[in-house]
Amino acid sequence: MSAPAQPRPRAWVPVALAMFAIGWGANQFVSLLVAYRRDEGLSSVDVSALVGVYALGLIPALLLLGPVSDARGRGPVLRAAAVVSVLATAVLLLDQLWALYAGRLLAGVASGAAFAAGSAWVRELSGPAWDPTTVPGTGARRAATALSAGFGLGPLVAGLVAQWAPHPLTVAYLPHLVLGLAVLVPLWRSPETVPRSDTRVPLRTAVRIASVRQPRFRRLVTPVAPWVFTAATVSLAVLPGLLADGGGVAAEYAVAVNAVVAGLTLGTGVLVQPLARRLAAADTRPAARLGTAAVVAGLVVAVAYAAAPTPWLLVPTALLLGAGYGCCLVAGLLETQRVAAPHELAGLTGVFYALTYLGFAAPLVLAALTAVAPYPVLLAVLAGLAALTLAWTTVDRT
């Protein structure tokens, strides 16, 4: 399908709204982790595994369905993802352990299908053929903002509802059901951007992403990407749990605290993205350096917090880790879109997101390693690894 004869500057909006809704559904669970531990008796390893199983669905979907959207079109992939996202939330409403695993796995599949195809679709609908007012990098910023806003508002709303509403582990999911259904109609009307061809690219060919061999992708994007969600999940899934374990008044309101931390972390991730895009206008390395520096600083504060969990220390930790998350996300996504071959845009974007979601393993790995060392030591080691990444982005001259 060719580009339209007349510009349509807002054609990207329904696609971004769908990404926002799927991001909401993907992350609403994290602010409920404390409630599942308190009310359902799940251990820290249980809830960390529920965070990690999401990545088990997401990473294969990213790597397979991004290239499928390059070869077959953005619409079929993102529309299916939007439906699966609603189904995932419906399964979570069953409030059984098997349903939690199944719902989280489905949410991961939906996210993997959506993020690569959706980011590519927003970027294409933000191009000059559709929106002559945009400047380079606008598509990456719009996609990152839509995802981050969904990631932030989902856990904030779900957590606040769960703190004070009756039947919290049911009612907390209802806002996403409404939102997820509301975006389906405008999404179905969104224009396709992948041209139709009489000769279809075989899928086994489409999934071979040659652009991963680009030096800038290997040397800059690959080391920075895992810190996107390492920063976010440490702030959302690890630190509030330490406060809940301490008892007292803070533990009583731990679900609300978890929600606020999620809002601060991911809200900061949204607010910092325009700055990150300006820093990355000519070269993405300054934004990557700022992001990894913020991660280092946030983890250093997290060490102090883990040694003596105090609610007020969560604020600077969430702000710093949120800034690191947002800057690393924009830098990596923009660099990915710059180096990707046109017919591999969603495929390489999928590889980037797969690398970012390695960070979802951080809570599970940290929880498992507490048998060897306490959280302050583990977080200090993590800060050291982030500092090595910062040093690499500083000395690399690719």
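Residues numbered from 1 in each chain as written. Predicted model: local features only at pLDDT ≥ 70, side-chain atom pairs only at ≥ 80, totals over all residues. Heavy atoms only, no water.

Reading the Subcellular location (unreviewed entry) entry of the UniProt record for the protein gives the comment "Cell membrane". (UniProt positions renumbered as here; feature names shortened; annotations may be inferred.)

1. Here we look at the domain arrangement of the protein
Per the domain assignment, the segments making up the protein are domain 1 (9-191) and domain 2 (211-397). Between domain 1 and domain 2, the C-alpha centre-to-centre distance is 19 Å. Counting residues at the interface gives 54 residues for domain 1 and 44 residues for domain 2. When the two sides are added together, the surface that domain 1 and domain 2 hide from each other amounts to roughly 3,800 Å², 70% of it contributed by carbon and sulfur. Of all residues in domain 1, V34, R141 and Q163 bury the most surface against domain 2, accounting for 14% of the area lost on that side. Between domain 1 and domain 2 we count zero salt bridges in total. Counting the contacts that link domain 1 with domain 2 gives seven residue pairs in polar contact (both at pLDDT 80 or more). Secondary structure elements with two or more residues in the side of domain 1 that touches domain 2: helix 2 (33-40), helix 3 (44-72), helix 5 (97-125) and helix 6 (138-164). (Domains from an automatic or database assignment. Contact = heavy atoms within 4.5 Å. Buried area = accessible area lost by both parts, 1.4 Å probe. Salt bridge = Lys/Arg side-chain N within 4 Å of Asp/Glu carboxyl O. Polar contact = N/O pair within 3.5 Å; in protein donor to acceptor, adjacent residues only side chain to side chain. Helix = DSSP H or I, 4+ residues; strand = E, 2+ residues; numbered from the N terminus.)

2. Overview of the pattern of salt bridges
Summed over all chains, the structure comprises six salt bridges. As a salt-bridge pair, D70 and R74 come within 2.8 Å of each other at their nearest N and O atoms. Residue classification places R74 among the buried residues on the basis of a relative accessible area of 2%. (Buried < 20%, exposed > 50% of the residue type's maximum accessible area, 1.4 Å probe, protein only.)

3. Observations concerning the packing of aromatic side chains
Applying the stated criterion across every chain, the model contains 13 aromatic pairs. Through a chain of ring-to-ring contacts, the aromatic side chains of Y54, F115, F151, F229, Y325, F352, Y353, Y357 and F360 assemble into a single cluster. Sitting above the plane of the W188 ring, R79 keeps its charged end 5.9 Å from the centroid. (Phe/Tyr/Trp six-rings, centres within 6.5 Å; stacked < 30°, edge-to-face > 60°. Lys NZ or Arg CZ within 6 Å of the ring centre and 35° of its normal.)

4. Quick look at the layout of surface pockets
Using a probe with the size of a water molecule, rolled over the atoms, empty space left in the structure can be pinpointed. Quantified by volume, the largest pocket comes out at close to 510 Å³. Lining the largest pocket are 25 residues, and of these R123, E124, G127, Q337 and L345 sit closest to its centre. Split by residue class, the lining of the largest pocket holds eleven nonpolar, nine polar and five charged. For the lining of the largest pocket, the two domains that each supply at least three residues are domain 1 (9-191) and domain 2 (211-397). (1 Å grid on protein atoms, 1.4 Å probe; cavity = no way out; pocket = protein on both sides within 12 Å on 5 of 7 lines; lining within 4 Å. Points joined across faces, edges and corners; volume = space filled by probe spheres on them. Nonpolar A, V, L, I, M, F, W, Y, C, P; charged D, E, K, R; others polar.)

5. Digging into the side chain of R142
Residue placement: R142 occurs in helix 6. A relative accessible area of 14% means that R142 is categorised as buried. A polar side-chain atom of R142 sits 3.3 Å from a polar atom in the side chain of D131. Not counting residues up to four positions away in its chain, the partners in contact with R142 are W12, V122, S126, D131 and T134.

6. A short note on helix 11 (residues 215-224)
Among all positions of helix 11, only R216, F217, L220, V221 and V224 are buried. Each buried residue of helix 11 lies within a common arc of 115° when the element is viewed along its axis, so the set occupies one face. (Arc of directions from axis to C-beta.)

7. Quick look at the packing of helix 1 (residues 13-27) against helix 8 (residues 174-182)
To characterise two packed helices, one gives the angle between the axes of the helices and the distance between these axes. It is the contact of helix 1 with helix 8, at a shortest axis distance of 9 Å, that shows an interaxial angle of 160°. In terms of their interaxial angle, helix 1 and helix 8 are classed as roughly antiparallel. As for how helix 1 packs across helix 8, the hand of that crossing is left-handed. Each of F20, A21, W24 and G25 in helix 1 lies in contact with helix 8, whose residues at this interface are P175, H176, L179 and G180. Its residues placed into classes, the contact of helix 1 with helix 8 shows five nonpolar, three polar and no charged. (Axes fitted to C-alpha atoms, helices over the stretch in contact; angles between N-to-C directions. Parallel < 35°, antiparallel > 145°, perpendicular 65-115°, else oblique. Left-handed = near helix turned anticlockwise from the far one by under 90°.)

8. A few points about empty space enclosed by the protein
Applying the stated criterion to the full structure yields three cavities of 30 Å³ or more. The computed volume of the largest cavity comes to approximately 50 Å³. As for the largest cavity, its lining consists of N27, V30, V51, F229, A232, T233, L236, L266 and F360. Broken down by element, the lining of the largest cavity gets its largest block of residues, four residues, from helix 12 (residues 226-245). In the lining of the largest cavity, the residues fall into seven nonpolar, two polar and no charged. For the lining of the largest cavity, the domains that each give at least three residues are domain 1 (9-191) and domain 2 (211-397).

9. Comments concerning the environment of N258
Mapping N258 onto the fold places it in helix 14 (residues 254-271). N258 gets classed as buried once you look at its relative accessible area, which sits at 2%. Each C-alpha atom, one on N258 and one on L160, is 8.9 Å from the other, the two residues being 98 residues apart in sequence. In contact with N258, other than residues within four places in its own chain, are V30, S31, L33, V34, L236 and P240.

10. What about the nonpolar core?
Membership of the largest hydrophobic core comes to 124 residues, with the highest contact counts inside it found for F115, F151, V234, L239, L299, Y325 and Y357. No other element matches the 13 residues that helix 17 (residues 314-339) contributes to this core. Here this core spans two domains, since at least three of its residues come from each of domain 1 (9-191) and domain 2 (211-397). Apart from the residues within four sequence positions on either side, Y357 is in contact with Y54, A55, L58, I59, L62, F115, F151 and F229. Counting residues in each nonpolar core, the second largest holds five residues, with F20, W24, L179 and V183 among its members. (Core = buried A, V, L, I, M, F, W, Y, C linked by side-chain atoms within 4.5 Å.)

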